[in-house]
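Single-letter residue listing:
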Amino acid sequence: MSEYQHRARKRFGQNFLHDAGVIDRILRAIRAKEGERLLEIGPGQGALTEGLLGSGAQLDVIELDLDLIPILQAKFGSNPRFQLNQGDALKFDFARLDAAPRSLRVVGNLPYNISTPLIFHLLDNATLIRDMHFMLQKEVVERMAAGPGGGDWGRLSIMVQYHCRVEHLFNVGPGAFNPAPKVDSAIVRLVPHETLPHPAKDHRLLERVVREAFNQRRKTLRNTLKQLMPADAIEAAAVDGSLRPEQLDLAAFVRLADQLALQPSAAQD
Ligand code: SAM
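These lines cover the structure that appears in this document, whether it is placed above or below. The numbering scheme is per chain: residues are counted from 1 as the chain's sequence reads. This being a predicted model, a pLDDT of at least 70 is required before a residue's local features are given, and a value of 80 or more before pairs of side-chain atoms are given or counted; all residues contribute to the totals for chains, interfaces and linings. To get the side-chain values, all heavy atoms of the structure are used, and hydrogens and water are removed first.

A separate point is the sheet that holds strand β6 (residues 129–137). Any two strands are treated as partners once DSSP identifies two or more bridges connecting them. The way it works is that DSSP assigns letters per residue, a run of H or I at least four long becomes a helix, a run of E at least two long becomes a strand, and they are numbered from the N terminus. Taken in spatial order, the seven strands make up an open sheet running β4-β3-β2-β5-β6-β9-β7, and their pairing is mixed. In this open sheet, the two edge strands, each paired with only one partner strand, are β4 (82–86) and β7 (164–172). With strand direction ignored, the average angle separating the axes of adjacent strands in the sheet is 15°. One ladder, built from four bridges, connects strand β2 (residues 37–41) with strand β5 (residues 104–109); its direction is parallel. Within β5, the position partnered with Glu40 by the bridge is Val107. Contacts were defined at the residue level, with two residues in contact if any of their heavy atoms lie within 4.5 Å. Interaxial angle, 0 to 180 degrees, is taken between N-to-C directions of lines fitted to C-alpha atoms, where a helix line uses only the stretch in contact. Across the sheet, helix α1 (residues 20–30) is in contact with β5, β6, β7 and β9 (185–192); its angle to β7 comes to roughly 160°.

Structure, rendered in structure tokens:
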């Protein structure tokens, strides 16, 4: 169908999946079922969309590129379980989907340039979400799944693991896409915790402590957190101020954030 041909656009981060083996492996990892609520971000030309709809689930998609809308409409528009939303997923109000708590299954071969802010936007709506399966840059998945002590452990690992269990499922080489990206990719599964294992009094303060601590990851905590809290507050959180931020686990960062909540400085931004 030549009228439906679409040239991939760099500014929309378009790398379309064409490897049937990889598509099948992703669909098997998701294992969507009839009656479920799925949300696909960036369906593109529908490489994953077809299999997702084939499961019998109800599928909403959000696509930014206006040129892809008629293609998606022509392919899937007649299916009553398909709902097309044109727009920017970064600005999308997920409450609009009217999904029950912990019901939404989010899927996406994400444009790499927006993947981190998009995941943070989704985490703001974590109570609606049952799970998420994303294709991301492999290096980003490694940072999400990292544990404390190494160079990959940082703001992304901590904030994602605060909300979710993270599983690095498998890697995908550049050849599975058209055009081929310059980097390796990987599929990650994120499952929001039913009960947060380390709840902070105020998660914005956790974000602040983590951001400040990792701004200069080679310095000691006493140094990097100087503007935020005095050395005795770090000690009161049962944290050794002579450690570097990458040596602290999530629970220790939450203790620091809770200690920060007691500081007079916590009220300012
Ligand atoms: N899912 C398709 C596949 O696997 O072949 C396409 C993947 S491609 C990497 C990313 C898709 O996200 C493109 O269709 C692109 O137009 C769309 N996109 C880019 N930025 C977006 C945004 N802010 N909101 C929604 N979709 C976006």
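Next comes the rest of the write-up.
A word on the pattern of salt bridges. Between Lys or Arg on one side and Asp or Glu on the other, a salt bridge is scored when a side-chain nitrogen of the former is within 4 Å of a carboxyl oxygen of the latter. Using the criterion set out here, one finds 14 salt bridges in the structure. Salt-bridge contacts for Asp67 lead to Arg9; the nearest nitrogen and oxygen are separated by 2.5 Å. Taken as a pair, Asp67 in the loop between β3 (58–63) and α3 (69–76) and Arg9 in the segment before β1 (16–17) lie far apart in primary sequence, 58 residues in all. Relative accessibility decides the category of a residue: with a 1.4 Å probe and only protein chains considered, values under 20% of the type maximum give buried, values over 50% give exposed, and everything between is partly exposed. For Asp67, a relative accessible area of 40% corresponds to the partly exposed category. Using a relative accessible area of 26% as the deciding quantity, one classes Arg9 as partly exposed. Measuring nitrogen to oxygen at the nearest pair gives 3.1 Å for the salt bridge that ties Arg28 to Asp24. A residue pair is termed a helical-turn pair when its members lie 3 or 4 positions apart in one helix, as Arg28 and Asp24 do in helix α1 at four residues. Among the charged side chains, a network of salt bridges with common partners joins Glu36, Arg105, Arg130 and Asp131.

This part is about the side chain of Gln14. Mapped onto the fold, Gln14 is located in the segment before β1. At 2.7 Å, the side chain of Gln14 forms a polar contact with the backbone nitrogen of Arg9. At 2.9 Å, the side chain of Gln14 forms a polar contact with the side chain of Asp65. Setting aside residues no more than four positions away along its own chain, Gln14 makes contact with His6, Arg7, Ala8, Arg9, Asp65, Leu68 and Pro179. Distance and chemistry together define a polar contact, namely a pair of N or O atoms within 3.5 Å, with one atom able to donate a hydrogen and the other to accept it when in protein, and with adjacent residues in sequence counting only for side-chain atoms on both sides.

Pairing of aromatic rings covers Phe, Tyr and Trp, the last through its six-membered ring, and needs centres within 6.5 Å; plane angles under 30 degrees mean stacked, over 60 mean edge-to-face, and all others mean tilted. Here the structure, examined in full by the defined rule, presents three aromatic pairs. Its guanidinium or amino end placed over the ring of Phe170, Arg25 lies 4.0 Å from that ring's centre, counting from NZ or CZ. Charge over a ring is defined by NZ of Lys or CZ of Arg lying within 6 Å of the ring centre and within 35 degrees of the ring normal. Across from the ring centre of Phe120, 5.0 Å away, lies the NZ or CZ of Arg155, which sits over that ring.

This part covers the site of the ligand. The local shell around the ligand holds 22 residues, among which Gln14, Leu17, Glu63, Asp88 and Asn109 are the closest. At 3.3 Å from an oxygen atom of the ligand is found a main-chain nitrogen or oxygen belonging to Gly44. In this structure, a nitrogen atom belonging to the ligand sits 2.8 Å away from a side-chain N or O atom of Asp88. Computed by Shrake-Rupley with a 1.4 Å probe, the accessible areas treat only the displayed protein chains as cover when residues are assessed. Within the complex, the protein chains bury 98% of what would otherwise be the 600 Å² of accessible surface of the ligand. Here the ligand occupies the largest pocket. Contributing elements (two or more residues each) for the shell around the ligand: β1 and β3. Only Asp, Glu, Lys and Arg are considered charged in this grouping, and only Ala, Val, Leu, Ile, Met, Phe, Trp, Tyr, Cys and Pro are considered nonpolar; every other residue, Gly among them, is considered polar. Class assignment of the residues belonging to the shell around the ligand gives a composition of eleven nonpolar, seven polar and four charged. Being near a molecule or strand, for a residue, means having at least one of its heavy atoms within 4 Å of it. The rule is simple: put a 1 Å grid over the protein atoms alone, call a set of points where a 1.4 Å probe fits but cannot get out a cavity, call an open set with protein on both sides within 12 Å along at least five of seven lines a pocket, and count a residue as lining if it has an atom within 4 Å of a point. In this description, a molecule resides in a pocket or cavity if more than half of its atoms sit within 2 Å of the grid points defining it.

Attention now goes to the packing of helix α4 (residues 115–123) against helix α6 (residues 155–163). Contact pair α4 / α6: the axes reach a minimum separation of 11 Å and the direction vectors enclose 25°. Here α4 lies roughly parallel to α6, going by the angle between them. α6 is crossed by α4, and the crossing has left-handed handedness. Judged by residue contacts, Thr116, Ile119, Phe120 and Leu123 of α4 engage Arg155, Leu156, Met159, Val160 and His163 from α6. Note on angle classes: values under 35 degrees are labelled roughly parallel, values over 145 roughly antiparallel, values of 65 to 115 roughly perpendicular, and the remainder oblique. In this scheme the handedness of a crossing depends on how the near helix is turned from the far one: anticlockwise by less than a right angle means left-handed, clockwise means right-handed.

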